[in-house]
Amino acid sequence: MSVAAAGAVATFAETAHAQTPRRGGRIKVATSQSSNAEKLDPPRGLGQTDYSRGSMFYNGLTVLDENLTPQLALADEIAPSERATVWNIKLRRDVRFHDGSPLTSADVVYSLRRHKDPAVGSVARMLAQPMQEITATGPHEVRIRLSEPNADLPAVFGVSHFQIVKDGATDFRIANGTGPYKCAEFKPGVRSIAVRNEEYFKPGKPYLDEIELFGIPDEPARVNALLSGDVHLVGSVNPRSAQRITSDPNLALFETKSGAYVDLVIRLDQAPGSNPDFVLAVKHMFNREQIRRAVYRNYAVIANDHPIDPTNRFYDPSLPQRSYDPDKARFYLQRSGFVNQTFPIVVSPAASNSEEMAQLLQQTGQQIGLNFQLQRVPADGYWTNHYMKHPIGFGAANAQPTADIQFSYLFKSDAPYNASAWRNERFDRLLLEARAETDDAKRRPMYAEMQRLIHEGSGVCLPVFAIVLDAHSNRLKGLRSIPAGNLMGFNFAEHIWLEQ
Amino acid sequence: MNVARLVLVRIAIAILTLGFVSVVVFLGTEILPGDVAEALLGQSATPEAVAGLRQALHLDLPAYTRYFLWLGGLLSGDPGRSLVNGLPVAGLIASRLPNSLMLAAVTAVVCVPIALMLGITSAIWRGSIYDRVTSFLTMSIVAMPEFLIATLAVIVFAVNLRWFPALSYSTEIGSLGQFFRLFGLPVFTLSCVMIAWMMRMTRAAVIDTLRSSYVEMAVLKGARPMRVVLTHALPNTIGPIANAVALSLSHLLGGAIIVEIVFNYPGLARLLVDAVSTRDMPLLQACVMIFCSAYLFLVMLADIAGILSNPRLRHR
């Protein structure tokens, strides 16, 4: 072998080595939430810490990938029949729980049925409600009959609340799942320790020996812990801290484009929102470029007053972008008859950046003859006491696994979080039709029309989608962004490794 | 006889106060907007889901029934189960209380001697350069908010110098060195404010006594300064000093919240804040009762120390 060729081989081997996951190592991870309410019970999980921990100890029937397309996990096959109302699920046969018992259909039936028991307090109860019959048709087969067709059911199974627990499990002081790590310690509000599951069904995975996970709710403290080398990975970094992280050669920022957003909600069932011209005036008052630059420090993607973001496969790029246009805003405002009137806008730290956005609106309003008054309320209790309860106020939504869930929760006429009280029969009908359609090519135009209907008619003003930020030590490898949320859609544990 | 009676009355008052506190705590937590069912379900709290969960958690019982159930449990030593994670409240508190007590104890061991020493000496040499310098320093520190001290300490000693960790929780305390490393920054932060407070109050109490007529008498009779301070003035300041120490120390258990947040230290104060935000009433009420009891206990000890050190009562 010639020298030159040997050199080439060596270089190739080096890069290959850098990308080959290495086994071993222990890391500490700090998420953004910490509370005594943390749980190991998947249906009751709430927030980044619970979701991240859930993915260490449990698996779902499916898991969402980089395009939010469901990939099989515990399921070997998920097949629809009768126009997506009946689903037959075959389970993998080589999966064992941490206590050694094999995964069977009884575990899946038990786990899914729990969502319908109000005493469990499942956060995903609404998604589970259409599952009318959940029956075991064999030791490794489950059949689900839905009350209405739903082509997205495999994606629903990728939501962390639907992770599978052992049949009959009621004690969640320790986790007994099928996940890549076993639970060695769990103290709510303090920390959990995950150790490698040597019998994990995905060959070679996971890579780390141990993960210590805890929440540090205070963002500066979380970033300081990373800067001082006390932790290897932190969830949810404020764009204001990005500079501190990128200037440290040992650290890296991890960006995830997602459908998470903070929106201004104008209720359409009361004044002034009952006047469509007023709503259009406000929608034209948003300087989206400025919000992206000044409020989000460029960690945002311009949105178009509807909740489907460009990472979603049903995003419609042909819908014309609404732009900042004070003249149009003044025109619509005059037509609405609300010139020189004063309206309060409710802002709160609970809807992050709402105060900054409202201040920008206030300035634009002064130019065109509309007075906005900022009414600041505390974050504690915001979602129960203020959200959806004022004529004009701010809301927020997390990234959702499917467009259907997004629409059903937040925009359908009878949706529980139809914050602007928008009613549109055409939209409701399209939503049900699209849900029953298993062919993506036929679904796409339906979703495009739904986006247009929201863009035109709803009282939701949606200026930008946030790019969520996490940060980590350079030695940590294997992170890829999954738009379901921070930290690889909370699923980092299975994929990351630590370089020497 | 009289002393014993005074002490007993003082203890009885403390117990009565605690009973009153339990009512106030219960009422106070009742008027918090929202409840645990809503907090647990977060953004998916549809009315029917909330109603179902509320029933499952027995939140649909009338308030007075829940109060007596709770008080009964508390008196029999069982504060119930957490509504949010179903774990026994006693166990949750037992996992945090030792951490809080440890932090308080280490801080007290550091603070009390330094504060008393500074307070007494600056009272004796009041008006001197020494007094003015210590006064200036302590006043500046008292004026600085705790979170600022804590954040600066982290940035300087953890992020830049890397002498101490930025987080202060580890179960792996194997050596004395590790112990100092872990407790260094939290204790430093707490001590700054604590020493300043205690020192100011001690100084004032000692100056007060030094101005009294019997100290003047001792000076006139020719007693040396050391003797005047040690045998004439100090015994009479035990009461006020004990009060100063008790008030400062009672702050350590519940008031260490800033330190617990910045250093991610799993103490009782953070548990309390969690309980408030998730409306976990059994846990919240138990935590508040512990803080109130600790406060009442310390103040009661200080009062009893004052009673016992009062020469007029002692020599009757």
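See the structure above.
Structural notes, computed from the coordinates. From a predicted model like this one, the values you see are computed outputs, not experimental measurements.

### Side note on the overall build of chain A
Move 1: Within chain A, the regular secondary structure consists of 16 helices and 20 strands.
Move 2: Rg of the C-alpha trace for chain A: 24 Å, near the compact-globule value of 23 Å for 500 residues, within the 12% margin.
Move 3: The dimensions of chain A, computed from C-alpha atoms along their principal axes, are 75 × 55 × 50 Å.
Move 4: For chain A, long-range pairs separated by at least 24 residues make up 70% of all intrachain contacts whose partners lie at least 6 apart in sequence.
Move 5: Accessible surface for chain A amounts to roughly 19300 Å². Of this, 49% is attributable to carbon and sulfur atoms.
Move 6: Seen as two clouds, the 55 positive and the 55 negative side-chain charges of chain A have centres 1 Å apart.

### A word on the interface of chain B and chain A
Put simply, an interface is often sized by how much accessible area is lost when its parts join up.
Move 1: At the junction of the two partners, chain B supplies 45 residues and chain A supplies 42 residues.
Move 2: Contact between chain B and chain A buries roughly 3400 Å² in total, counting both sides, with carbon and sulfur atoms accounting for 53%.
Move 3: Remark: the boundary between chain B and chain A carries 0 salt bridges.
Move 4: Our enumeration of links across chain B and chain A arrives at 10 residue pairs in polar contact (both at pLDDT 80 or more).

### Points about the packing of helix H1 (residues 2-30) of chain B against helix H4 (residues 63-75) of chain B
Residues and elements named next belong to chain B.
Move 1: The interhelical angle for the contact between H1 and H4, taken along N-to-C directions, is 135°, at an axis separation of 11 Å. Between H1 and H4, the angle is such that the two are oblique. Relative to H4, H1 is oriented so that their crossing is right-handed. Of the residues in H4, those touching H1 at Gly-19, Ser-22, Val-23, Phe-26 and Glu-30 are Ala-63, Arg-66, Tyr-67, Trp-70 and Leu-71.
Move 2: For the contact of H1 with H4, the residue count by class is 6 nonpolar, 2 polar and 2 charged.

### What about the layout of surface pockets?
All names here are of chain B.
Move 1: By volume, the second largest pocket is sized at about 1200 Å³.
Move 2: For the second largest pocket, the lining is made up of 45 residues, of which Leu-57, Arg-81, Ser-82, Leu-83 and Pro-282 are closest to its centre.
Move 3: For the lining of the second largest pocket, the elements supplying multiple residues, two or more each, are H1, helix H2 (36-41), helix H3 (47-56), H4 and helix H13 (281-309).
Move 4: Counting residues per element, the lining of the second largest pocket draws most heavily on H4, which supplies 4 residues.

### Section: the pairing of strand S4 (residues 75-81) of chain A
Residues and elements named next belong to chain A.
Move 1: As paired elements, S4 and strand S5 (residues 86-91) share 6 bridges and run antiparallel to each other. Within the sheet, the bridge partner assigned to Ala-75 lies in S5 and is Leu-91.
Move 2: Here S4 hands over to S5 after 4 residues, with Glu-82 in that stretch at a positive phi of 50°.

### Brief notes about the packing of helix H5 (residues 89-124) of chain B against helix H10 (residues 225-254) of chain B
Residue and element names in this part refer to chain B.
Move 1: Between H5 and H10, the least distance of the axes is 10 Å, while the angle of their chain directions is 145°. Of the two elements, H5 crosses H10, and the hand of that crossing is right-handed. Within the contact between the two elements, H5 uses Ser-100, Leu-101, Ala-104, Thr-107, Ala-108, Val-112, Leu-116, Ile-120 and Ile-124 and H10 uses Val-229, Leu-234, Ile-241, Val-245, Leu-249, Leu-252 and Leu-253.
Move 2: When the residues that make up the contact of H5 with H10 are grouped by side-chain class, the tally is 14 nonpolar, 2 polar and no charged.

### Some details on the nonpolar core
Move 1: Grouped together as the largest cluster of nonpolar side chains are 161 residues, with contacts concentrated most on A:Leu264 and A:Phe394.
Move 2: A per-element tally of this core places helix H8 (residues 176-210) of chain B first, with 13 residues.
Move 3: Apart from the residues within four sequence positions on either side, A:Leu264 is in contact with A:Val282, A:Phe286, A:Ile345, A:Leu361, A:Ile392, A:Gly393, A:Phe394, A:Gly459, A:Val460 and A:Cys461.
Move 4: Residues A:Phe186, A:Leu208, A:Ile211 and A:Leu479 belong to the second largest nonpolar core, which totals 32 residues.

Calculation notes
Residues numbered from 1 in each chain as written. Chains lettered and ligands numbered in written order. Predicted model: local features only at pLDDT ≥ 70, side-chain atom pairs only at ≥ 80, totals over all residues. Heavy atoms only, no water. Helix = DSSP H or I, 4+ residues; strand = E, 2+ residues; numbered from the N terminus. Rg over C-alpha atoms; globule rule 2.2 N^0.38 Å. Contact = heavy atoms within 4.5 Å. Areas by Shrake-Rupley, 256 points an atom, 1.4 Å probe, with all protein chains shown as cover. Lys, Arg positive; Asp, Glu negative; His and termini not counted. Charge placed at Lys NZ, Arg CZ, Asp CG, Glu CD. Buried area = accessible area lost by both parts, 1.4 Å probe. Salt bridge = Lys/Arg side-chain N within 4 Å of Asp/Glu carboxyl O. Polar contact = N/O pair within 3.5 Å; in protein donor to acceptor, adjacent residues only side chain to side chain. Axes fitted to C-alpha atoms, helices over the stretch in contact; angles between N-to-C directions. Parallel < 35°, antiparallel > 145°, perpendicular 65-115°, else oblique. Left-handed = near helix turned anticlockwise from the far one by under 90°. Nonpolar A, V, L, I, M, F, W, Y, C, P; charged D, E, K, R; others polar. 1 Å grid on protein atoms, 1.4 Å probe; cavity = no way out; pocket = protein on both sides within 12 Å on 5 of 7 lines; lining within 4 Å. Points joined across faces, edges and corners; volume = space filled by probe spheres on them. Pairing = 2+ DSSP bridges. Core = buried A, V, L, I, M, F, W, Y, C linked by side-chain atoms within 4.5 Å. Buried < 20%, exposed > 50% of the residue type's maximum accessible area, 1.4 Å probe, protein only.

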